[in-house]
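Structure assessment
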Amino acid sequence: GDSVTQMEGPVTLSEEAFLTINCTYTATGYPSLFWYVQYPGEGLQLLLKATKADDKGSNKGFEATYRKETTSFHLEKGSVQVSDSAVYFCALSDRGETSGSRLTFGEGTQLTVNP
Amino acid sequence: GAGVSQSPRYKVAKRGQDVALRCDPISGHVSLFWYQQALGQGPEFLTYFQNEAQLDKSGLPSDRFFAERPEGSVSTLKIQRTQQEDSAVYLCASSLEGELFFGEGSRLTVL
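Nothing here was measured: the structure is a model prediction, and the numbers come from that model.

What counts, and where the lines are drawn
- Throughout this document, residue positions are counted from 1 along each chain, in the order its sequence is written.
- To read the labels, note that chains go from A and ligands from 1, taken in the order they are written.
- A pLDDT threshold of at least 70 governs which residues receive local features in this predicted model, and a stricter bar of 80 or more applies before side-chain atom pairs are shown or counted, although totals over entire chains, interfaces and linings include all residues.
- Calculation of side-chain values draws on the structure's entire complement of heavy atoms; hydrogens and water are dropped beforehand.
- It only takes one pair of heavy atoms within 4.5 Å for two residues to be counted as in contact.
- Whenever Lys or Arg places a side-chain nitrogen within 4 Å of a carboxyl oxygen from Asp or Glu, that contact is recorded as a salt bridge.
- What qualifies as a polar contact is a pair of N or O atoms within 3.5 Å, subject to a donor-acceptor requirement within protein and to the restriction that residues adjacent in sequence count only when both atoms come from side chains.
- Under the convention adopted here, Pro, Cys and the residues Ala, Val, Leu, Ile, Met, Phe, Trp and Tyr are nonpolar, Asp, Glu, Lys and Arg are charged, and Gly plus all remaining residues are polar.
- Between any two strands, at least two bridges found by DSSP are needed for them to pair.
- Numbering of helices and strands runs from the N terminus, with a helix taken as a DSSP run of H or I at least four residues long and a strand as a DSSP run of E at least two residues long.
- Think of each axis as a best-fit line through the C-alpha atoms, taken over the contacting stretch in the case of a helix, with angles from 0 to 180 degrees between the N-to-C directions.
- Site definitions follow a grid-based scheme: protein atoms alone, a 1 Å grid, a 1.4 Å probe that fits but cannot get out for cavities, and for pockets an open set with protein on both sides within 12 Å along at least five of seven lines, plus lining residues having an atom within 4 Å of a point.
- Grid points are joined across faces, edges and corners, and a volume is the space filled by probe spheres set on the points.

Quick look at the interface of chain A and chain B now. Counting residues at the interface gives 17 residues for chain A, matched by 20 residues for chain B. Inspection of the region where chain A meets chain B yields one salt bridge. For D56 of chain B, the salt bridge is made with R102 of chain A, and the minimal N-O distance between the two is 3.0 Å. Our enumeration of links across chain A and chain B arrives at three residue pairs in polar contact (both at pLDDT 80 or more). Taken together, the residues of the side of chain A that touches chain B break down into six nonpolar, eight polar and three charged.

Okay, structure coming up:
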């Protein structure tokens, strides 16, 4: 079945540092790939997505490129802020007739950014 | 409402009790999903509705778990005879076309 593997956390960085959170996936079809973010006390929010190979998703300074050859979708940001502290989830959707936009999530990576 | 609303936000149950968790999706959203998120883990799929039809319930962990969406809007997740391993955050999400919008979840603690 489909699966998503994220780098283990937690990750602690200083403000303005470069961020990479690794994500690799296994899927039988051609999935869409997502990064969701969960801020403390809030629900999951879509951060960015890519629907086909070589697509780059971007939002709020975060980027991720869909790499089919390495089955990866690593999240990057050039300069993190304290407000980026949250849990980040990589996910895939292998849309099926009876599964809709069902998502398979990774385990999440806790990011803490210190001033 | 503006977003997906779930209630109660927190529920403490004694082992063996039945619980019901409610989800109000975004108005007009056809698809509705339930996920279970254990502490420190990613959400795991439980079940999926398209309008009132439950198209996929393959993620429900046992026959103690039951979900319904009788009028194609509000959904209820019911857990019978709760066990300690049922302690988790239960997330509801709705979508119209593609993107899922999540509620804040219902945190269930079974003592």
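From this point, the discussion proceeds with the structure in view.
This part takes up the sheet that holds strand β7 (residues 56-59) of chain A. Residue and element names in this part refer to chain A. Across the sheet, which stays open at both edges, the four strands sit in the order β3-β9-β8-β7 with antiparallel pairing between neighbours. Among the strands making up the open sheet, the edge pair consists of β3 (19-21) and β7. Sheet twist, expressed as the mean angle between neighbouring strand axes with direction ignored, is 15°. Where β7 meets strand β8 (residues 62-65), four bridges bridge the pair, whose relative direction is antiparallel. Bridge pairing links S58 to E63 in β8.

Further remarks concern empty space enclosed by the protein. Considering all chains together, one arrives at one cavity of 30 Å³ or more under this definition. What the largest cavity holds in volume is close to 30 Å³. What lines the largest cavity is simply F34, Y36, S93, S101 and L103 of chain A together with G98, E99 and L100 of chain B.

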